[in-house]
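Reading the structure
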Amino acid sequence: MGMVSKKIAVLAGDGIGPEVCRQAVKVLEAVAERFGHDFRFAAYQMGACAIDATGNPLPDETLAGCREADAVLLGAIGDPKYDNNPAAPVRPEQGLLRLRKELGLFANIRPVTAYDVLLPHSPLKAERIQGTDMLIFRELTGGIYFGEKGRRDADSAYDNCTYSKPEIERIAHLAFRAAEGRHQKLTLVDKANVLETSRLWREVVQGLAAQYPTVAVDYLFVDNAAMQIILNPKQFDVILTENMFGDIISDEASVIAGSLGLLPSASIGEAALFEPIHGSYPQAAGKGIANPIATILSAAMMLEHFGMNDEAALVREGVDEALHNNILTPELNPKAPYTTEQVGSYIAFWVRDSSEQQWNAHNVAIGSSTII
Ligand SMILES: NC(=O)c1ccc[n+]([C@@H]2O[C@H](COP(=O)([O-])OP(=O)(O)OC[C@H]3O[C@@H](n4cnc5c(N)ncnc54)[C@H](O)[C@@H]3O)[C@@H](O)[C@H]2O)c1
Ligand SMILES: CC(C)[C@H](C(=O)O)[C@@H](O)C(=O)O
Ligand SMILES: [Mg+2]
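Under the annotation held in an unreviewed UniProt entry, the protein carries the name 3-isopropylmalate dehydrogenase and is attributed to Hymenobacter polaris. Looking at the protein in UniProt, the text filed under Catalytic activity (unreviewed entry) is "(2R,3S)-3-isopropylmalate + NAD(+) = 4-methyl-2-oxopentanoate + CO2 + NADH". What UniProt states about the protein under its Pathway (unreviewed entry) heading is, verbatim, "Amino-acid biosynthesis; L-leucine biosynthesis; L-leucine from 3-methyl-2-oxobutanoate: step 3/4."

Right, dumping it as structure tokens:
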């Protein structure tokens, strides 16, 4: 691929969002330098920082900037001052949900991998999780997140869950196609024994299955799925599920990878947005302990979306090198932890010249390699 220009909107957000985003941007800059691409970054506010500055969690300028970009990189949003105030009139999360809706990002794709080198860190048995490679397709613009909601009166509230056949079909086609290109297995996770919406999901998926004859389709209730994901994750290839179940089981599945700070995602539809699956981890904000790899791997998914597969492969190689050489934040390397910035620099240096040469020189220059 020759030189390519791309405009990337960066929504760093709140808490650790800016710290992890900075590292992903640094890695993308290294990619641009090495491959001669022209990546232009434009920063916009969203979430609690945008409420503080403008009163609106998704200012018009942010939405317009995202619309005119080739892709969006998002850190995380959310702040305890809203989480702990149920009566807050406006919330950071409303900005994110509206952005997903406005950009038509109906499919959120969350890969879950068990890294061999991290198996000893996992609280799960290595032999159970080794080799896990699943892809979760989470519906992102429907269901209970977007149904009518409110307070009936002082003592009761409601959240409606609605799905239409076209909403299910469009993401189901994507999931079936992904399964065709992988291990030909698709598992629909639902609660069809209780929920009418789940029965519609089953009906629609059953109806589409004939178009994908090579794909074996399996149906699992979400409560059972939550247990199977931990007990025997290797049985899964592609998981397809509705909005809220996908939110929950993907955080759960991050235990297989070793940390929530490792799981990236791509939100696609009428636009493309890339974000770690974790939140703003407010307890860690400003401490340099947040793992930037989920955001860096989200940037790799962005490169793949641009058709830049060699570029993405190099970023993934940099991440693998960091994992193998224990250049890891404290949740994965408690004895000799590295900072958010150091992990990002290591990967960016690797992307620049496929070696540790610049990293070693950098460490000599700053005179230390770990945060303790
Ligand atoms: N997409 C998003 O922007 C997003 C996603 C989830 C939660 N949130 C918001 O984030 C705020 C905090 O929510 P929460 O505490 O439930 O979830 P969280 O994902 O921020 O953190 C949960 C736990 O996961 C771990 N963790 C998360 N990110 C990590 C990282 N990069 N490196 C290492 N460990 C990491 C930490 O142990 C942390 O305590 C809330 O306001 C919530 O609404 C936003
Ligand atoms: C912050 C919140 C609205 C969001 C969600 O539930 O979708 C988050 O948990 C995620 O997984 O991206
Ligand atoms: Mg979530």
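Another point: the site of ligand 1. Around ligand 1, the surrounding shell holds 23 residues, and the nearest of these are Gly78, Gly261, His278, Gly279 and Asn291. Of the residues in the shell around ligand 1, the class split is 10 nonpolar, eight polar and five charged. Residue contributions to the shell around ligand 1 reach at least three from each of two domains, namely domain 1 (1–105 + 270–372) and domain 2 (107–262).

With that out of the way, let us pick up the site of ligand 2. Around ligand 2 sit Gly78, Glu93, Leu96, Leu97, Asp247, Ile277 and Gly279, and that is every residue in its neighbourhood. The element that contributes the greatest number of residues to the shell around ligand 2 is helix α5 (residues 92–102), accounting for three residues. Class assignment of the residues belonging to the shell around ligand 2 gives a composition of three nonpolar, two polar and two charged.

The next point concerns the pairing of strand β6 (residues 149–153). Taken across its five residues, β6 has zero buried, putting it largely on the surface. Summarising the sheet, β6 and strand β7 (residues 156–159) pair through four bridges and their orientation is antiparallel. Paired with lysine 149 across the two strands is aspartate 159, which belongs to β7. The loop that links β6 with its antiparallel partner β7 comprises two residues.

Let us look at unusual backbone geometry. The phi torsion at tyrosine 281 lies on the positive side, around 35 degrees, for a residue other than glycine. With respect to the helices, strands and loops of the structure, tyrosine 281 is situated in the loop between β12 (272–274) and α11 (293–305). What makes tyrosine 281 buried here is the crowd of 22 C-beta atoms within 10 Å.

Turning our eyes to something else, we now look at the domain arrangement of the protein. We note that the domain assignment places domain 1 (1–105 + 270–372) and domain 2 (107–262) within the protein. A C-alpha centroid distance of 24 Å is found between domain 1 and domain 2. Of the residues lining the interface, 15 residues belong to domain 1; the matching set on domain 2 comes to 17 residues. Counting only elements with at least two residues in the side of domain 1 that touches domain 2, the list comes to α5, α11 and α12 (309–324). Here the element with the most residues in the side of domain 1 that touches domain 2 is α5; it accounts for three residues. Of the residues that constitute the side of domain 1 that touches domain 2, the class distribution is eight nonpolar, four polar and three charged.

The biggest cluster of nonpolar side chains holds 115 residues, and the ones touching the most others in it are Val27, Leu73, Ala299 and Val315. The residue makeup of this core includes at least three contributed by each of domain 1 (1–105 + 270–372) and domain 2 (107–262). If we ignore the near neighbours within four places in the chain, the residues touching leucine 73 are Ile8, Val10, Cys21, Ala24, Phe274, Ser298, Ala299 and Met302.

Our focus in this paragraph is the pairing of strand β10 (residues 238–241). Side-chain alternation along β10 places Val238 and Leu240 on one buried face and Ile239 and Thr241 on a second face that is also buried. Judged from the four bridges that link them, strand β5 (residues 133–139) and β10 form a sheet pairing that is parallel. Across the sheet, arginine 138 pairs through a bridge with threonine 241, a residue of β10. Examined bridge by bridge, strand β8 (residues 185–190) and β10 share four bridges and lie parallel to one another. In the strand pairing of β10, valine 189 is matched with threonine 241.

Cut-offs applied
- Residues numbered from 1 in each chain as written.
- Chains lettered and ligands numbered in written order.
- Predicted model: local features only at pLDDT ≥ 70, side-chain atom pairs only at ≥ 80, totals over all residues.
- UniProt positions renumbered as here; feature names shortened; annotations may be inferred.
- Near = placed C-beta within 6 Å.
- Nonpolar A, V, L, I, M, F, W, Y, C, P; charged D, E, K, R; others polar.
- Domains from an automatic or database assignment.
- Helix = DSSP H or I, 4+ residues; strand = E, 2+ residues; numbered from the N terminus.
- Buried ≥ 20, exposed ≤ 12 C-beta atoms within 10 Å, placed from the backbone.
- Pairing = 2+ DSSP bridges.
- Contact = placed C-beta atoms within 7 Å.
- Core = buried A, V, L, I, M, F, W, Y, C linked by C-beta atoms within 7 Å.

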